[in-house]
Amino acid sequence: MKEFSEQRLGGRIALVTGSGSGIGRAISVRYAKEGADIVVNDVNLEGANETAKMIEKLGRKVMVVRADVGKSAEVEAMIEKVYNKWGRLDILVNNAGISGLPYILIEQTEEEWDRVMNTNVKGAWLCSKFAAIRMLKQEKKFGELRGKIINIASIAGKTAVPHIGAYSVSKFGVVALTQVLAKELAPDITVNAICPGFHVTGIYLNSEEVVRESMKTFKAPEILRGRLGTADDVAPLAAFLASTDSDYMTGQSINIDGGVEFH
Ligand SMILES: NC(=O)c1ccc[n+]([C@@H]2O[C@H](COP(=O)([O-])OP(=O)(O)OC[C@H]3O[C@@H](n4cnc5c(N)ncnc54)[C@H](O)[C@@H]3O)[C@@H](O)[C@H]2O)c1
């Protein structure tokens, strides 16, 4: 991980969904290094506990909540738990996501379509909904805002990607969700999105080869920076969006992909 000197998130409480692995774990660790206490959420409890250990080692408080972001009752209970135990939530990162099986859309099953939409779009909406209801009622502790929401979309939400059509459609949905929530929750909560490119994480079975093969299938252009991304490449942007440095930004979906997508 690159060195940095600032501690921009002191005193904040951040919930990062899907933080038992990959980008969510990298964001959680970076937030902890910048002074935040972390709620680690995942359906994979083993991964979540590993992330929690990393945060404890950094001397920050951590709470692990196993919840499926696509299930309303589980999300509501998770947010309740955070407020009951820690009294507030300053940053929500909607990171939990799945790619779905690689089929062209005319061969896609209804079950697989629903599975992808439920996690990627409905999950981000449900977490935002139950978190924002509470955030809007909490005092402004850090500058002008009551809370910050950061959605992890994808460059597949900017330009269509074949063979993971449901995923691509879902990520266009996350970009739209970001814009709608930004308008509806203004001026008290900012909502921005990050669009990663091709990063070696659990979604690609942690294999560079799988990423490169997938890029061929997706007819992806070359990466201008000349290498695949890592989970750590995304974390500094997530820290900026969680800090007061970005308070005047809302409704934006920013690519961080080594130079693949320009929109
Ligand atoms: N890796 C990339 O190249 C890339 C590119 C663009 C966008 N993204 C997005 O980044 C986010 C993180 O993915 P990653 O690459 O770190 O992959 P990952 O598979 O390593 O991490 C995703 C995590 O989300 C968890 N999760 C899945 N469904 C869940 C649910 N219903 N409720 C709670 N947790 C759930 C998984 O258990 C896993 O720990 C995803 O939204 C993904 O779409 C990744």
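In this report, we go over the structure that sits alongside the text. Owing to the predicted nature of the structure, the values given are computational and were not obtained by experimental measurement. Each residue is numbered by its place in its chain's sequence as written, counting from 1. The predicted nature of this model means local features are confined to residues of pLDDT at least 70 and side-chain atom pairs, given and counted, to a pLDDT of 80 or more, with totals for whole chains, interfaces and linings taken over all residues. With hydrogens and water stripped out, all remaining heavy atoms of the structure feed into the side-chain values.

Here the focus is the site of the ligand. Around the ligand sit 29 residues in total, of which Ser21, Asp42, Asn95, Tyr167 and Thr201 are the nearest. The contact in question runs from an oxygen atom of the ligand to an N or O atom on the backbone of Asn95, over 2.8 Å. Polar contacts here mean pairs of N or O atoms no more than 3.5 Å apart (in protein, one a potential hydrogen donor and the other a potential acceptor; neighbouring residues in sequence count only if both atoms are side-chain atoms). With respect to the ligand, the side chain of Lys171 contributes an N or O atom lying 2.9 Å from an oxygen atom. Protein contacts shield 92% of the accessible area of the ligand, which totals 820 Å² for the unbound molecule. A run of H or I in DSSP counts as a helix once it spans at least four residues, and a run of E counts as a strand once it spans at least two, with each numbered from the N terminus. Elements represented by at least two residues in the shell around the ligand include exactly helix H1 (22-33), strand E2 (37-42) and helix H5 (165-185). The nonpolar class holds Ala, Val, Leu, Ile, Met, Phe, Trp, Tyr, Cys and Pro. Asp, Glu, Lys and Arg form the charged class, and all remaining residues, Gly among them, are polar. Residues of the shell around the ligand, tallied by class, amount to 13 nonpolar, 13 polar and 3 charged. Definition of nearness: a residue and a molecule or strand are near each other if at least one heavy atom of the residue lies within 4 Å of the molecule or strand. Methods summary: accessible areas were calculated by the Shrake-Rupley approach with a probe of 1.4 Å, and residue burial reflects only the protein chains presented.

This part takes up the packing of aromatic side chains. For any two aromatic rings, the description comes down to two numbers: the centre-to-centre distance and the angle of the planes. Only centres within 6.5 Å qualify two rings of Phe, Tyr or Trp (six-membered ring in Trp) as a pair; their planes then separate them into stacked at under 30 degrees, edge-to-face at over 60, and tilted for everything else. Applying the stated rule across the entire model yields 0 aromatic pairs. Its end group placed over the ring of Phe142, Arg12 keeps NZ or CZ at 3.9 Å from the ring centre. The rule is short: NZ of Lys or CZ of Arg within 6 Å of the ring centre and within 35 degrees of the ring normal puts a charge over the ring.

The next thing to look at is the environment of Ser21. By the secondary structure assignment, Ser21 is in the loop between strand E1 (13-16) and H1. In this structure, the C-alpha to C-alpha distance between Ser21 and Glu50, residues 29 residues apart in sequence, is 8.8 Å. Throughout, a contact is declared for two residues whenever any of their heavy atoms are within 4.5 Å. Setting aside anything within four residues of it in sequence, one finds Ser21 in contact with Asp42, Thr51 and Gly202.

To continue, consider the sheet that holds E1. Read from one edge to the other, the open sheet built from 7 strands follows the order E3-E2-E1-E4-E5-E6-E7, with strand pairing classed as parallel. Single-partner strands in this sheet number two, and they are strand E3 (62-66) and strand E7 (253-256). For this sheet the average axis-to-axis angle between neighbouring strands, irrespective of direction, equals 20°. For two strands to pair, DSSP has to find at least two bridges joining them. Pairing of E1 with strand E4 (residues 91-94) involves 3 bridges; the strand directions are parallel. From the neighbouring strand, Val16 faces E4, where its bridge partner is Val93. Lying on the sheet, H1 is in contact with E1, E2, E4, strand E5 (147-152) and strand E6 (189-196); it crosses E1 at an angle near 170°. Axis definition: a line fitted to C-alpha atoms, over the contacting stretch in the case of helices. Angles run 0 to 180 degrees between N-to-C directions.

What follows concerns a nonpolar patch on the surface. A surface patch of nonpolar side chains, amounting to about 250 Å² of accessible area, comprises Leu105, Trp113 and Val169. You can see Leu105 is positioned in the loop between E4 and helix H4 (110-135). A simple rule labels every residue: compare its accessible area, found with a 1.4 Å probe on the protein chains alone, to the largest value its type can have, and call it buried under 20%, exposed over 50%, or partly exposed in between. Under the relative-accessibility criterion, Leu105 is labelled partly exposed at 45%. The patches described consist of residues with a relative accessible area above 30% and no salt bridge, like charges being joined within 9 Å and nonpolar side chains (Val, Leu, Ile, Met, Phe, Trp, Tyr) within 5 Å. Salt bridges are defined as contacts in which a side-chain nitrogen from Lys or Arg sits within 4 Å of a carboxyl oxygen from Asp or Glu.

Counting buried positions over the 8 residues of helix H7 (residues 235-242) gives 6, a clear majority of the element. Elements in contact with the buried residues of H7: H1, E4, E5, E6 and E7.

The next subject is empty space enclosed by the protein. Grid points spaced at 1 Å over the protein atoms alone were grouped into cavities, where a 1.4 Å probe fits but cannot get out, and pockets, open sets with protein on both sides within 12 Å along at least five of seven lines, with lining residues defined by an atom within 4 Å of a point. Grid points are joined across faces, edges and corners, and a volume is the space filled by probe spheres set on the points. Using the criterion set out here, one finds 2 cavities of 30 Å³ or more in the structure. Of the pockets and cavities examined, the largest cavity occupies roughly 100 Å³. Looking at the largest cavity, it is lined by 13 residues, and the ones nearest its centre are Arg12, Asp90, Phe142, Leu145 and Lys148. Of the residues assigned to the lining of the largest cavity, the class counts are 3 nonpolar, 3 polar and 7 charged. Estimates place the volume of the second largest cavity at around 30 Å³. Lining the second largest cavity are Asn94, Asn95, Ala96, Asn120, Ala124, Asn151, Ile152, Lys171 and Val174. Residue classes in the lining of the second largest cavity are distributed as 4 nonpolar, 4 polar and 1 charged.

This part covers the pairing of E4. Of the two faces of E4, the one holding Ile91 and Val93 and the one holding Leu92 and Asn94 are both buried throughout. On the question of chirality, the crossover connecting E4 to the parallel E5 by way of H4 is right-handed. Looking down the strands as they point away from you, a crossover is right-handed if its path from the first strand over the helix to the second goes clockwise.

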